[in-house]
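One-letter residues, chain by chain:
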Amino acid sequence: MTVLSIQDLSIEYLSRRGPVHAVRKVSFELAKGETLAIIGESGSGKTTLAVSLIRLSPRSARITEGSIRFRGDTKDLDVLQLDDDELRRYRWNDCAMVFQAALNSFNPVISIWDQFLDTGRAHGMGDSRRVRDRASELLELVRLDPERVLRAYPHELSGGMRQRVLIAMSLLLSPDVVILDEPTTALDILTQRAIIDLLKELRDKLGFSMIFISHDLSIAAELADRMLTMYAGRVVERAKVDDMFYRPRHPYSVGLLRAVPRVSGTLGKVVSIPGSPPDLIRLPPGCAYAPRCPFVIDACREAEPPLIPVDTPEHDAACIRWQDVAETLRSDDEIPVAEKLA
Amino acid sequence: MTVSGDTTVRGTSLIELEGVTRTFKTPAGVITAVDNVSLALGVGEAMCVVGESGCGKTTTGRMLAGLLQPTSGRLMFEGADVWQTKGPKLAAFRRAVQLVHQDPYASLNPIRTVYQTLSAPLFKHHKSKRGRDARARVVELLERVGLTPAPDFLVKYPHQLSGGQRQRVAIARALTVDPRVIVADEAVSMVDVSIRISLLNLLLGLAREFKVTVVLITHDLAVARFFARGGRIGVMYLGKVVELAGTDTLVEDPAHPYSTALIAAIPEADPNITRNKRRVELRSADAPSLLALPPGCVFHPRCPLAEPGLCDVLVPVLEGIPGREGERREVACHVAQRERAPAAELLGVR
């Protein structure tokens, strides 16, 4: 069953030099209980896309086309058409977001308890007793001591604890979808591990769907069922996690996978992607990745390649040379891309 | 410090920290950020210091670069105690050792062009006398750090550059004074994953081709493994070096329970590997505060190998234990030392 369905979504930012095409005709669906990872470099449009899903885009952003549809157990919402009241009920109740900078997500001068209470009240949990019970229950789920944490102020908690509080708070109204922006960036390794394990456990226990945005492929490898690769505002590849890691078909996904060294297993041939992402105001004609792509041919510069099915019906890539990519990577075995190309 | 790896032998090191300790006064009390750390680096060596936040890696880096005076212990450069030298000799040390900062958005002056940023130290240190010499030298430096075509970059301001390009300018600036040692503190953490490797390769190239000693300080073990392949990695925890070993040995067969736990916990960009990793369960998830360090081994409250009466009483020191193929490695763990076996083996995650 689909909980969230995004169709042809395009978002622009206004700038003095002209519109910045941050998100271009993005479509995807999120199934109930599914975890979707959106990966890409900074400037690929992944955060713009994520905040638009709860309509928190900054004022300079404009949704120029497309639709966002939420289907819960009892409701069917056209998210872009909601009025202020409906929007408030949709946020947190149906779809919650955990932001990247854990400290900035709190009001620094009120206690954690007051942050829970404010959130609960704003979204229809009138009774403070109910908020306290639910908050305590959730804090215990994320392995924090409610007595201590609820009394604390944000600065009194470590980065890992703050991230756990934010995750607990996002679940306060039992949303169907939780969006996490770089949930483990800037955390220490052992804390990262604890957060990843925690997210897995919560997902299994509570059954919500997750979308997380990351430049970190290892988090996707840990948590995702499916992945989207974004480049210059577009989805350039969409695949199940194993297909993306072992059988990528878009040269940009291949490039990202080869750019990340690993600690275990063989090191393989790790190389950076040459060049930098294009100017989103003046995009190059044809495929936006063409200037950096090792597979580029003249036809790539003529028209932007559509997202087409490759290998299996559940695997799409926006590359006219995907078969050549497959040929270069050859074997279908579960060998990391960096090793195949070594 | 004992001899470690094959690259550095005591007495031939270029730069060395000898039992340095550094304390800081804070409103809440005195903290020991770095406690009795020794580290020796040879000419052209590329080494990594890894650890989590609060482990003292940045303080160690700043002491190595001579920017922070140790509370006790010595910084030796070419056999001389740096903090006892003055005048031209100290100035020569300052030129010889350069620091590259983490944040290329903050480390470059936003109102100076690349040419202005890079030519200022050339004039200051009398490396160039005339504008024409300086321009030629700046172009050469830009080419060396891969900013080509170099003339295009001369007139650019930092805001016109990407994070990776800025970090290249910062490295070029460090190179203006022909340094012998570069300390790079989290130099790739703030640039995009897609270009980190090329920056690491640039730093490695300096070590290989120009015999510059490069110390990379990082929290990222995968980055450390890539950078220090063929070299050494030192692992720090709460102010101490807990393990020092050749990179392959450290990554495949860690000797200290802390390094073992880190390697077992790290998420990897490979679903099969990362979802089937054998974990090391720690006894406590949170690191103790630097204000209230535990007695004995600082890792004992979290350590799965800790033995009461030993680890909570005696402070372990770095000591060699046999590695694979006769390679030496050092570990500060009572249990690993007594068993003469790495923690990875003792914990069954080898």
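Since we're looking at a predicted model, the values are computed, not measured.

Rules and cut-offs
- Residues numbered from 1 in each chain as written.
- Chains lettered and ligands numbered in written order.
- Predicted model: local features only at pLDDT ≥ 70, side-chain atom pairs only at ≥ 80, totals over all residues.
- Heavy atoms only, no water.
- Helix = DSSP H or I, 4+ residues; strand = E, 2+ residues; numbered from the N terminus.
- Rg over C-alpha atoms; globule rule 2.2 N^0.38 Å.
- Buried < 20%, exposed > 50% of the residue type's maximum accessible area, 1.4 Å probe, protein only.
- Contact = heavy atoms within 4.5 Å.
- Areas by Shrake-Rupley, 256 points an atom, 1.4 Å probe, with all protein chains shown as cover.
- Buried area = accessible area lost by both parts, 1.4 Å probe.
- Salt bridge = Lys/Arg side-chain N within 4 Å of Asp/Glu carboxyl O.
- Polar contact = N/O pair within 3.5 Å; in protein donor to acceptor, adjacent residues only side chain to side chain.
- Pairing = 2+ DSSP bridges.
- Axes fitted to C-alpha atoms, helices over the stretch in contact; angles between N-to-C directions.
- Domains from an automatic or database assignment.
- Nonpolar A, V, L, I, M, F, W, Y, C, P; charged D, E, K, R; others polar.
- Core = buried A, V, L, I, M, F, W, Y, C linked by side-chain atoms within 4.5 Å.
- Arc of directions from axis to C-beta.

(A) Layout of the overall build of chain B. On a plain count of helices and strands, chain B comes out with 13 helices and twelve strands. The C-alpha radius of gyration of chain B comes to 21 Å, within 12% of the 20 Å expected for a compact globule of 350 residues. With 350 residues in all, chain B has 57% of them scored as buried. Across chain B, contacts joining residues at least 24 apart in sequence account for 62% of those joining residues at least 6 apart. Of the roughly 14400 Å² of accessible surface on chain B, 51% is carried by carbon and sulfur atoms.

(B) Spatial organisation of the interface of chain A and chain B. Taken together, the contact pairs 42 residues of chain A with 37 residues of chain B. Across the chain A to chain B interface the summed buried area is about 3500 Å²; carbon plus sulfur atoms make up 56%. Three residues stand out in chain A for area buried against chain B, namely A:Ile189, A:Leu190 and A:Val263, and they jointly supply 23% of the buried area on that side. The interface formed by chain A and chain B includes two salt bridges. Among the salt bridges present, the one from B:Asp270 reaches A:Arg262, with a minimum N-O distance of 3.1 Å. Joining chain A to chain B, the criterion identifies 24 residue pairs in polar contact (both at pLDDT 80 or more). When residues of the side of chain A that touches chain B are traced back to their parent elements, those giving at least two are helix H7 (189-206), helix H8 (217-223) and helix H9 (241-246) of chain A.

(C) Looking closely at the sheet that holds strand E9 (residues 226-231) of chain A. All names here are of chain A. Spatial ordering of the open sheet is given by E6-E7-E8-E3-E9-E10-E12-E11, a layout of eight strands whose pairing is mixed. Each edge of the open sheet carries a strand with a single partner, namely strand E6 (95-98) and strand E11 (308-310). The average undirected angle you get between the axes of adjacent strands in this sheet is 25°. Sheet topology places strand E10 (residues 234-240) next to strand E12 (residues 312-317); two bridges connect them, and they run antiparallel. Residue pairing in the sheet places Glu237 in a bridge with Ala317 of E12. With respect to the sheet, helix H1 (residues 46-53) is in contact with strand E3 (35-39), E6, strand E7 (177-181), strand E8 (209-214) and E9, its orientation differing from that of E8 by roughly 150°.

(D) Examining the domain arrangement of chain A more closely. All names here are of chain A. Domain parsing of chain A yields domain 1 (2-224) and domain 2 (246-340). The centre of domain 1, based on its C-alpha atoms, is set 29 Å off from the matching centre of domain 2. The interface is formed by 14 residues belonging to domain 1 together with 13 residues belonging to domain 2. Between domain 1 and domain 2, roughly 1100 Å² of surface is buried when both sides are summed, and carbon and sulfur atoms account for 54% of that area. Measuring nitrogen to oxygen at the nearest pair gives 3.1 Å for the salt bridge that ties Arg292 to Glu41. Where domain 1 packs against domain 2, one counts five residue pairs in polar contact (both at pLDDT 80 or more). Sort the elements by how many residues they give to the side of domain 1 that touches domain 2 and strand E2 (residues 20-31) lands first, with four residues. Of the residues in the side of domain 1 that touches domain 2, the class split is five nonpolar, six polar and three charged.

(E) How the structure looks around the nonpolar core. Core analysis: the largest hydrophobic core is formed by 112 residues, its most contacted members being A:Leu4, A:Phe28, A:Tyr90, A:Phe116, A:Val165 and A:Met227. Mapped onto the domain boundaries, this core takes at least three residues apiece from domain 1 (2-224) and domain 2 (246-340) of chain A. Grouped together as the second largest cluster of nonpolar side chains are 73 residues, B:Val50, B:Ala170, B:Ile195 and B:Phe227 included.

(F) How the structure looks around unusual backbone geometry. Omega for the peptide link from B:Thr148 to B:Pro149 comes to -5°, which places this bond in the cis form. Following the sequence through the fold, B:Pro149 ends up in the loop between helix H4 (131-144) and helix H5 (150-154). One non-glycine residue, A:Lys25, lies in the positive phi region at around 50°. One non-glycine residue, A:Trp92, lies in positive phi territory at about 70°.

(G) Spotlight on the environment of B:Gly163. Residues and elements named next belong to chain B. Relative to the helices and strands, Gly163 is located in helix H6 (residues 163-175). In this structure, the C-alpha to C-alpha distance between Gly163 and Ile195, residues 32 residues apart in sequence, is 9.7 Å. Not counting chain neighbours up to four residues away, the residues in contact with Gly163 comprise Pro104, Tyr105 and Val191.

(H) Highlighting helix H11 (residues 322-329) of chain A. All names here are of chain A. Burial in H11 covers these residues: Trp322, Val325, Ala326 and Leu329. Looking straight down H11, one finds its buried side chains confined to an arc of 100°; they lie on one side. Away from the buried face of H11 by more than 90 degrees, exposed residues Gln323 and Glu327 are located. In this structure, the buried residues of H11 make contact with helix H10 (251-258), E11 and helix H12 (337-340). After H11 finishes, the residue Arg330 shows a positive phi value of roughly 50°.

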